[in-house]
Amino acid sequence: MPPALGGSGFRILTSLLLLAAPATLDAAKTPAPPACGKPQRLSRVVGGEDSADAEWPWVVSIQRNGTHHCAGSLLTSRWAVTAAHCFKGNLHKPSQFSVLLGAWQLGNPGQRSQTVGVAWVQPHPVYSWRGVSRADIALVRLEHSVQFSERILPVCLPDSSVHLPRSTDCWIAGWGSVRDGVPLPQPQTLQKLKVPIIDSELCSRLYWQGAGQGVITEDMLCAGYMEGERDACLGDSGGPLMCQVGGTWLLAGIISWGEGCAERNRPGVYISLAAHRSWVQRIVQGVQLRGHSQGSGPTARPGRVPGTARQRRR
Ligand SMILES: *[C@@H]1O[C@H](CO)[C@@H](O)[C@H](O)[C@H]1NC(C)=O
């Protein structure tokens, strides 16, 4: 039951259209995109884990045959980013997939949500489809541009000024299971959870495989709670790990894997966007970067080993 677009929401939308108008005159085909990482509705949820409507307007549901499969994040009007493992065995079947945008409650997506087909999926070339792997990231090209609105907005990638020391509070969001084996109940409201960044060395030790082999690669980030209890789970894969820098939300990571969900000493593992920023920039024209030097503006274009992919376990 998304609340009706109120007066203030309408004004925001109107000013957005006015802002876009001059650019449209200059270049009818490329209106300036809205600023990344800035929700337009500033409501807050206290003491719950339901997100507010339009609180995370870049979070999308990647659907397989019309059913929620993974989450993702919108980067531009034509591209979303998610986890590569979401397409395991189905990389060449984009017609089975679609992307649902602007839906806060999956059980009640509302008239202002949009569903767009997937044109193609570009997994990172280094990703290995067997088990847990580095570079568990894929770009999803939409069949057509989506229209931005207060419920459909792009997220920013972190620029090179961004460092996330341990204990930085970031957030994850998703429609995945609330516990191992327990799907999110109707109306499937997008859930959010605050997760502190965990020191990489500590995380590496926790997930050490033995025989001189670590599973935590240099492009992985760990976040969550050593005591367990709170974590991402089955169906959250591909969704965002978001950190706020200078009032702007940055996509710090992609929900990738973990051992079980919310088990003690098994924090969630995320693929770092800082590690894959240049690969994304090479493919996604117009992706916006932000960091501590705000006002950089839209950038020119310039498994689990014994663990389980969050696709299955979350
Ligand atoms: C999706 O639909 C295709 C074509 O109808 C079918 O072959 C495939 O098994 C379906 N997959 C799932 C997960 O439902």
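Everything below is about the structure printed above this text.
Right, let's walk through the structure included here. Fair warning: this is a prediction, and the values are worked out from it, not measured in the lab. (Residues numbered from 1 in each chain as written. Predicted model: local features only at pLDDT ≥ 70, side-chain atom pairs only at ≥ 80, totals over all residues. Heavy atoms only, no water.)

A short note on the site of the ligand
The criterion, for reference: Think of it this way: one heavy atom of a residue within 4 Å of a molecule or strand is enough to make that residue near it. Within 3.5 Å is the distance limit for a polar contact, defined as a pair of N or O atoms, with the added protein rule that one can donate a hydrogen and the other accept it, and that residues adjacent in sequence qualify only through two side-chain atoms. For every accessible area listed, the method is Shrake-Rupley and the probe measures 1.4 Å; residues are considered covered only by the protein chains on display.
Near the ligand the following residues occur: Arg64, Asn65 and Gln96. Here Asn65 contributes a side-chain N or O atom positioned 2.4 Å from an oxygen atom of the ligand. Within the complex, the protein chains bury 33% of what would otherwise be the 360 Å² of accessible surface of the ligand.

Quick word on the pairing of strand β5 (residues 114-123)
Threshold: Pairing between two strands is assigned when DSSP locates at least 2 bridges connecting them. Only DSSP runs of H or I reaching four residues or more are called helices, and only runs of E reaching two or more are called strands; each is numbered from the N terminus.
Alignment of strand β4 (residues 97-101) against β5, held across four bridges, turns out to be antiparallel. Directly across from Leu101, in β5, lies its bridge partner Gln114. Examined bridge by bridge, β5 and strand β6 (residues 138-142) share five bridges and lie antiparallel to one another. In the sheet register, Pro123 faces β6, and the bridge partner there is Ala138.

So, the side chain of Thr76
To be explicit about the condition: It only takes one pair of heavy atoms within 4.5 Å for two residues to be counted as in contact.
Looking at the element boundaries, Thr76 is found in the loop between β2 (67-74) and β3 (79-82). A polar side-chain atom of Thr76 sits 3.2 Å from the main-chain amide nitrogen of Trp79. Excluding residues within four positions of it along the chain, Thr76 makes contact with Phe148, Pro154, Val284, Gln285, Gly286 and Val287.

Points about the pairing of strand β8 (residues 169-174)
Relative to strand β9 (residues 191-198), β8 runs antiparallel, the two sharing six bridges. Opposite Asp169, over in β9, you have Pro196 as the bridge partner. Taken together, the two bridges between β8 and strand β11 (residues 240-245) define a ladder with antiparallel strand orientation. If you follow Trp171 over to β11, its bridge partner there is Met242.

Some thoughts on the state of the cysteines
This is how it is decided: Pairs of cysteine sulfur atoms within 2.5 Å are what we label disulfides. Each residue is assigned to one of three classes by its accessible area relative to the maximum for its type, calculated with a 1.4 Å probe on protein chains only: buried under 20%, partly exposed between the two thresholds, exposed over 50%.
Counted by the stated rule, this structure contains five disulfides. Disulfide pairing is shown between Cys70 and Cys86; the S-S distance is 2.0 Å. Note on the Cys70 and Cys86 pair: the S-S dihedral is about -95°, so by sign convention the disulfide is left-handed. On the criterion of sequence distance, the pair formed by Cys70 in strand β2 and Cys86 in the loop between β3 and β4 is long-range, its members being 16 residues apart. Residue Cys70 is classed as buried on the basis of its relative accessible area, which comes to 0%.

Quick look at the nonpolar core
Note the cut-off: As used here, the term nonpolar core means buried Ala, Val, Leu, Ile, Met, Phe, Trp, Tyr and Cys residues forming a set that is joined through side-chain atoms within 4.5 Å.
If you look at the biggest cluster of nonpolar residues, it comprises 61 residues, and the most contacted ones within it are Leu75 and Val280. The contacts of Val280, once residues within four sequence positions are left out, are Leu75, Ile137, Leu139, Leu157, Leu273 and Val287.

Re the packing of aromatic side chains
Applied cut-off: Here is the rule: rings of Phe, Tyr and Trp (six-membered ring for Trp) pair when centre to centre is within 6.5 Å. Planes less than 30 degrees apart are stacked, more than 60 are edge-to-face, and the remainder are tilted.
This model, assessed by the stated rule, comprises six aromatic pairs. Here Trp56 and Trp171 contribute two aromatic rings whose centre-to-centre distance is 6.3 Å and whose plane-to-plane angle is 40°, an arrangement assigned as tilted. Placement of Trp56 in the loop between α1 (7-26) and β1 (59-64) and of Trp171 in strand β8 is noted, with a sequence separation of 115 residues between them. When its relative accessible area of 5% is taken as the criterion, Trp56 is described as buried.

Structural notes on the pattern of salt bridges
To keep things clear, this is the line we draw: Any Lys or Arg side-chain nitrogen located within 4 Å of an Asp or Glu carboxyl oxygen qualifies as a salt bridge.
Evaluated as defined, the whole model comprises four salt bridges. One salt bridge in this structure joins Arg151 and Asp53, with 2.6 Å as the shortest N-O distance. With Arg151 in the loop between β6 and β7 (157-158) and Asp53 in the loop between α1 and β1, the pair connects residues that are 98 residues apart, well separated along the chain. The residues Arg151 and Asp53 share a single accessibility class, namely buried. The closest approach of N and O atoms between Arg134 and Glu218, which form a salt bridge, is 3.0 Å. Of the two residues, Arg134 is situated in the loop between β5 and β6 and Glu218 in the loop between α2 (200-206) and β10 (220-223); the sequence distance between them amounts to 84 residues.

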